[in-house]
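Residues per chain, in single letters:
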Amino acid sequence: MLRFLHGRRRTRPLLRRVALIGATLLAATAAIPEAAAQERGSGPSGGGLSAVIRYTENGIPHILAQDYAHLGFGTGWAQAADQVCVLADGFLTVSGERSRWFGPDAAHDGSLSSAARNLSSDLYFKGVRDSGAVEKLLSAPAPAGPGKDVKELMRGWAAGYNAWLAQNKITDPACKGAAWVRPVTVTDVAARGFAVSVLGGQGRAVDGITAAQPPVAAARGGAGEVDPADAAEAARELFDTTRYDMGSNAVAFAGSTTANGRGLLLGNPHYPWQGGRRFWQSQQTIPGELNVSGGSLLGTAVVNIGFNDKVAWSHTVATGTPLNLHQLTLDPADPTAYLVDGKPEKMTERKVSVQVAGGAAVTRTQWWTRYGPVVSHLGGGLPLPWTAATAYALNDPNAANLRGSDTALAMGKARSVAGVQEALRRTQGLPWVNTVAADSAGGTLFTQSQVLPRITDELAARCSTPLGRATYPASGLAVLDGSRGDCALDSDPDAVQPGVFGPGKAPTLRDAPYAENSNDSAWLANAERPLTGYERIWGNVSTPRSLRTRGAVQDVSAMAGRGGLTVADLQEQQFANRVPAGDLAAADAAKACAALPGGSAAGSDGAAVDVSTACGVLAAWDRTADTSSRGALLFDRFWRKLTANTAVKDLWLVPFSAADPVATPHTLNQAAPGIGRALADTVTELKAAGIALDAPLGDNQFVVRGGQRLPVGGGTEALGVWNKIEAPWNAAAGGYPEVLHGSSHIQAVGWDGGRCPVARTLLTYGQSSNPNSAHFADQTRLFSQERWVKARFCEWDILTSPQLKVVWPRERR
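The sections below set out a description of the structure shown in this document. In this text, all values refer to a predicted model and were calculated from it rather than measured experimentally.

Turning to the state of the cysteines, a few remarks are in order. Counting across every chain of the model gives 4 disulfides. What pairs with Cys463 in a disulfide is Cys487, and their sulfur atoms sit 2.1 Å apart. The chirality of the disulfide connecting Cys463 with Cys487 is left-handed, given an S-S dihedral of about -85 degrees. On the criterion of sequence distance, the pair formed by Cys463 in helix H12 (residues 457-463) and Cys487 in the loop between strand E20 (479-481) and strand E21 (508-510) is long-range, its members being 24 residues apart. Residue class for Cys463 comes out buried when judged on its relative accessible area of 0%. Disulfide partners in the protein, listed by the sequence order of the bonded cysteines, are 1-2, 3-4, 5-6, 7-8.

In structure tokens form, the structure reads like this:
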């Protein structure tokens, strides 16, 4: 009885607090329509946009607004509060002003393009702005352009960002007092969305677009031919999704595999830990219209990856090749004119000027064709020389796609995986990702619904140049004969823009027991129900999978087979840190080590090294990349060295088989050339760094936040670990002392039949880049400890947060 009374005494103040806060929120939200009316000019002067923001643990804002403009305002305000310097830096990028403030030769964070230095970045983005491309897309009626609700979100976002700048002092040392932090426009917000959309196309070729120039007269006789075999290998590497800093895992489980017959989703995107491609968490609510929670890419006004009370989704970087090339046959009399069906067509000359710090403006010419810009190269390894006879133009259909936010908003409003699929069909805004989803009714979805140039295998066979006949099978990069009108790209009847595949052609899997992707093609989204029959540009089939895909499919198929799954099982999978490469090779590597004569091996310099201690460490290692794992670091360094210098055919005794793609190749060849050398070099490296061969991984894989070392579990792509962590090796600083990219906005979501989803989330690097913020490293500490954040989705959960803080930002006029 006393315990009951004590509970009542504790409950009553809580209820009074909730009631008081609820009344305050009702009053605040009731005022929003009046502010909206004033904004439209139908009320007294002095009105403006506003929102109610409820902050809960870890600085996660729950943004409540009456309509999309006000919701965008609250989102822009809250993002600025956490990430003003990163956002301001990105707006400099898309306005082409980096060279003005930071100099032309400085490198940037690469979050919005692949440009190697500021000058080429500025020349490209200033050219985009001068052309009016973004404004044209903004003004296009939906579905060709963004819909009304998204336009209102962008308008509100810009107003919220600007209001925060006007009403607050910047404390982040990255831009405190900087003159380059300025208010933004709706066009700036849209330009950032444009940059994200073309990351896989024009954004990948910025240096090649800005460097392409016609040959001078004296050089016009040069051959400048591209070797097809070299180009095929370069293209294969360029479009290999396992090499990207953007990646991800995601898995959806159907009700047939879960404890309660409802779906489950685990999303684990691998994104940069610094810079403008970070995620940021929020909940967005318009009563009766929208209620969605999840992660947004910085500068966007929507939730890109998330969940609501009925459905959850995540994205993974897809294998579809989002661009193609057209090889131009040039007019013999004019290298800036090209022939189509025998008739010359003059290139469009665009002069672009960029302001440069401490110097005169730099002016360059860009050359454009009916197919797109002329490019001099793709990446660092695929030259595309402009000669007297030939040039290459890049086609990027996502340069006409500003619909990504419409897609995200539509998915946030979906009520099932069928609704997610319909949202994708209607908006067609995803440029370079797959979608994996689950719903409360037990449904699952995998679909590669992305915007791709409509390159069919038939078209590639009929129209490829010799270069294209090498690159297309290798990578999906088509190089078409631009001199033939019959090689133009057709359109699908269900496509919202010309020259692209419609959603009906996208590889799709519905209601499988599990649907999983780890950046390989759609082929093994479910190993028991392989997807085939799609065109090569979407991805390959019957080819070796990455170790991360193999390990993921093994894990999730075993989970589905076991059944009875809950959100707790998703959490366990995220931090299992199993090393598939270790399971395949560590025991055999230990045996090969033990068989070395005298326990020594010759290193790369020819010197003999005693590796005998390493043999026992490898044998005893638990095959995980937990922070406590002894031997994980030794195997990691050994494996990188071995695989970098050993051909796959020499590494495994059992080769890849398309009939058993998850288990093959396997069985390490203990006689493989290089095992001894890799062991010797690894032992030498670790001893020189003062690192014990059996040191716990967390002693040497960590981040430093606020002067404190936080050990980090997980492993690299080469090891195949689900919890992917990519860190640069720096022996002098202790091993892997910082994470560049890897697990980012993680979410484990399910349902229990109630009104609220059962969700656990984790933003590995925290909400803020400001080292003075309380949320600079709080979730990084949780990630280090493998702990999660309980998502507060329903009103009771939000209002009962022990760290609840309510703010009501308003636009001042």
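Inspection of every chain in the model, using the stated rule, returns 20 aromatic pairs. Ring pairs connect the aromatic residues Trp273, Phe575, Tyr765, Phe783 and Trp788, which therefore count as one cluster. Taking the ring centre of Trp368 as reference, the NZ or CZ of Arg350 above it sits at 3.9 Å. Across from the ring centre of Phe702, 3.8 Å away, lies the NZ or CZ of Arg709, which sits over that ring.

Moving on, we get to the pairing of strand E8 (residues 311-317). Taking burial as the measure, the 7 residues of E8 include 7 buried ones, the bulk of the element. Residue alternation in E8 divides its side chains into two sets, Val311, Trp313, His315 and Val317 and Ala312, Ser314 and Thr316, and both sets are buried. Of the strand pairs in this sheet, strand E7 (residues 305-307) and E8 are connected by 2 bridges, and their pairing is antiparallel. Of the residues in E8, the one forming a bridge with Gly306 is Trp313. The turn joining E7 and E8, which pair antiparallel and follow one another in sequence, is formed by 3 residues. Where E8 and strand E18 (residues 433-439) come together, 7 bridges link them in antiparallel fashion. What sits directly across from Thr316, in E18, is Asn434.

As a further point, take the side chain of His108. Mapping His108 onto the fold places it in the loop between helix H3 (98-102) and helix H4 (118-131). In terms of polar contacts, His108 uses its side chain to reach the backbone amide nitrogen of Gly110, at 3.2 Å. Among the polar contacts listed, one links the side chain of His108 to the backbone oxygen of Ala115, at a separation of 3.5 Å. Leave out the neighbours within four places in its chain, and His108 touches Arg98, Ser113, Ala115, Arg117, Asn118 and Ser121.

This part covers the nonpolar core. In globular proteins that are soluble, nonpolar side chains generally tend to be buried together. The biggest cluster of nonpolar side chains holds 171 residues, and the ones touching the most others in it are Val84, Tyr161, Val181, Phe253, Leu378 and Ile455. The greatest single-element share of this core, amounting to 15 residues, is contributed by helix H2 (residues 68-95). Those residues in contact with Val84 that lie beyond four places of it in its chain are Gln79, Tyr161, Trp164, Leu165, Ile170, Cys175 and Val181. Listed in part, the 44 residues of the second largest apolar core include Ala592, Val617, Ala632 and Phe638.

Strand order in the open sheet formed by 10 strands is E21-E19-E18-E8-E7-E6-E5-E2-E1-E34, with mixed pairing between adjacent strands. Of all the strands in the sheet, just E21 and strand E34 (805-807) have a single pairing partner and so form its edges. Ignoring which end each strand starts from, the neighbouring axes of this sheet average 20 degrees apart. Here 4 bridges tie E18 to strand E19 (residues 444-447), and the two strands are oriented antiparallel to one another. Opposite Ala437, over in E19, you have Leu445 as the bridge partner. Of the strands in this sheet, strand E6 (290-297), E8 and E18 are in contact with helix H10 (residues 404-412), which crosses E8 at around 150 degrees. With respect to the sheet, helix H11 (residues 417-427) is in contact with E8, E18, E19 and E21, its orientation differing from that of E18 by roughly 150 degrees.

Conventions and cut-offs
Residues numbered from 1 in each chain as written. Predicted model: local features only at pLDDT ≥ 70, side-chain atom pairs only at ≥ 80, totals over all residues. Heavy atoms only, no water. Disulfide = S-S within 2.5 Å. Helix = DSSP H or I, 4+ residues; strand = E, 2+ residues; numbered from the N terminus. Buried < 20%, exposed > 50% of the residue type's maximum accessible area, 1.4 Å probe, protein only. Phe/Tyr/Trp six-rings, centres within 6.5 Å; stacked < 30°, edge-to-face > 60°. Lys NZ or Arg CZ within 6 Å of the ring centre and 35° of its normal. Pairing = 2+ DSSP bridges. Polar contact = N/O pair within 3.5 Å; in protein donor to acceptor, adjacent residues only side chain to side chain. Contact = heavy atoms within 4.5 Å. Core = buried A, V, L, I, M, F, W, Y, C linked by side-chain atoms within 4.5 Å. Axes fitted to C-alpha atoms, helices over the stretch in contact; angles between N-to-C directions.

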